[in-house]
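# Structural characterization, general
Residues per chain are reported as follows:
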Amino acid sequence: MIEGCRVEGYAIVSAEGMIANAVGVMPEAIRNNADQRFLQSELDRAAVIVHGRHSHEGGPRAAQRKRVILTRQVPSLCDDPAHPHSILWNPAGTTFEAALSRLGVTDGLTAILGGTEVFDLFLSLYDAFYLTRALHAKIPAGRPVFSQVGIHKTPEDVLAGAGLNPGRRQDLDAAGAITLTTWTRTEASTAAP
């Protein structure tokens, strides 16, 4: 657990557990307005948003949000010249706590948006993970939400293996077969990336 911060992950996945196609692009098949409304309302609560270089939540308030962007292109930490209120962070160069400190974030919600390596990095730290499924969407040979997802392991298997427990499944968009399950941890983890 990162002292004073609540870590929550957010992902929408295809039937196979994919977040993007083979070249890293989120296809229209898993884009959904109801999911976007849910995500934007959740991000309004966040003190900081964490994602990889190719992930971005968009939306009308995106430019005002503090964010940490994971990259191997910097030695440790630096300001992101392309986005105000953002820093670039290489986990191999310094701690996540140092990244939060550089942004002036000492508590509140840390929202993790992905990609695969980012979701993996925080797996032991999630207080909650909001897994949205586009049940009819197919992304063959895509990029999984977690690296362990494959023919014999679902995103739900990975979350359960990390100590998270599922809540009741909700329909975000019944007509579009878009469901949401909130996975929560019963006790806080002590590991930090």
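Scroll up to find the structure this text is about.
Now for a description of the structure that goes with this document. (Residues numbered from 1 in each chain as written. Predicted model: local features only at pLDDT ≥ 70, side-chain atom pairs only at ≥ 80, totals over all residues. Heavy atoms only, no water.)

## Side note on the overall build of the chain
So the rule is basically this: Only DSSP runs of H or I covering at least 4 residues are called helices, and only runs of E covering at least 2 are called strands; the numbering of each starts at the N terminus. Note on classification: 1.4 Å probe, protein chains only; a residue is buried when its accessible area is under 20% of the maximum for its type, exposed when over 50%, partly exposed between these limits. Whether two residues are in contact is decided by their heavy atoms, any of which lying within 4.5 Å being enough. For the accessible areas, the method is Shrake-Rupley and the probe is 1.4 Å, while residue cover comes only from the protein chains on display.
Helix and strand counts for the chain stand at 4 helices and 12 strands. For the chain, the C-alpha atoms occupy an extent of roughly 45 × 35 × 30 Å along the three principal directions. Sorting the 193 residues of the chain into buried and exposed places 49% on the buried side. By sequence separation, contacts in the chain at least 24 residues apart represent 61% of the contacts at least 6 residues apart. For the chain, the accessible area works out to roughly 9,400 Å², and carbon and sulfur atoms hold 52% of it.

## Brief notes about helix α2 (residues 96–103)
Just so we agree on the cut-off: Taking the helix axis as origin, the arc is that swept by the directions to the C-beta atoms.
For α2, the set of buried residues is F96, A99, L100 and L103. Considered in projection along α2, the buried side chains sweep an arc of 95° and stay on one side of the axis. Each element contacted by the buried residues of α2 is listed here: β1 (5–13), β3 (46–52), β4 (67–70), β5 (77–79), β6 (86–89) and β7 (108–114). In the stretch just after α2, G104 is the one whose phi turns positive, near 80°.

## Examining the environment of A92
Among the secondary structure elements, A92 is positioned in the loop between β6 and α2. C-alpha separation for the pair A92 and R143, spaced 51 residues apart in sequence, amounts to 23 Å.

## Concerning the packing of aromatic side chains
Let me state the cut-off plainly: The aromatic pairing rule takes the rings of Phe, Tyr and Trp, using the six-membered ring of Trp, and pairs them if the centres are within 6.5 Å, calling planes under 30 degrees apart stacked, those over 60 edge-to-face and the rest tilted.
Counting across every chain of the model gives 9 aromatic pairs. Ring plane angle 45° and centroid distance 5.2 Å describe the contact between W89 and F96, whose orientation is recorded as tilted. In this structure, W89 and F96 share a single accessibility class: buried. Among the aromatic residues, those joined into a cluster by ring pairs are F119, Y126, F129 and F146.

## Regarding the pattern of salt bridges
Basically, it comes down to this: Salt bridges, as used here, are contacts in which a Lys or Arg side-chain nitrogen is within 4 Å of a carboxyl oxygen on Asp or Glu.
With the rule as written, the count across this model stands at 8 salt bridges. Among the ionic pairs, E28 bridges to R31, the shortest N-O distance being 3.2 Å. Of the residues examined, E28 reaches a relative accessible area of 61% and is grouped as exposed. When its relative accessible area of 43% is taken as the criterion, R31 is described as partly exposed. Here R102 makes a salt bridge to D79, at a shortest N to O gap of 3.5 Å. On the criterion of sequence distance, the pair formed by R102 in helix α2 and D79 in strand β5 is long-range, its members being 23 residues apart. We classify R102 as partly exposed; its relative accessible area is 43%. When salt bridges that share partners are traced, they join R6, E8, E42 and R45 into one network.

## Considerations on the environment of G24
On the secondary structure map, G24 appears in the loop between β2 (18–20) and α1 (33–43). When its relative accessible area of 24% is taken as the criterion, G24 is described as partly exposed. Measuring from C-alpha to C-alpha, the distance between G24 and G167 comes to 29 Å, with 143 residues separating the pair along the chain.

## Focus: the layout of surface pockets
Applied cut-off: The definitions used throughout rest on a 1 Å grid laid over the protein atoms alone, on which a cavity is an enclosed set of points accommodating a 1.4 Å probe that cannot get out and a pocket is an open set flanked by protein within 12 Å on both sides along at least five of seven lines; lining residues are those having an atom within 4 Å of a point. Grid points are joined across faces, edges and corners, and a volume is the space filled by probe spheres set on the points. Classes in brief: Ala, Val, Leu, Ile, Met, Phe, Trp, Tyr, Cys and Pro nonpolar; Asp, Glu, Lys and Arg charged; the others, Gly included, polar.
By volume, the largest pocket is sized at about 1,000 Å³. Taken together, 38 residues make up the lining of the largest pocket; nearest its centre are G52, H54, S55, G114 and G115. Contributions of two or more residues to the lining of the largest pocket are made by β1, β2, α1, β7, α3 (116–121) and β8 (128–134). Element by element, the count of residues in the lining of the largest pocket is highest for α3, at 5 residues. Grouping the amino acids of the lining of the largest pocket by side-chain chemistry returns 18 nonpolar, 13 polar and 7 charged.

Functional significance is not addressed by these values, which are geometric in nature.
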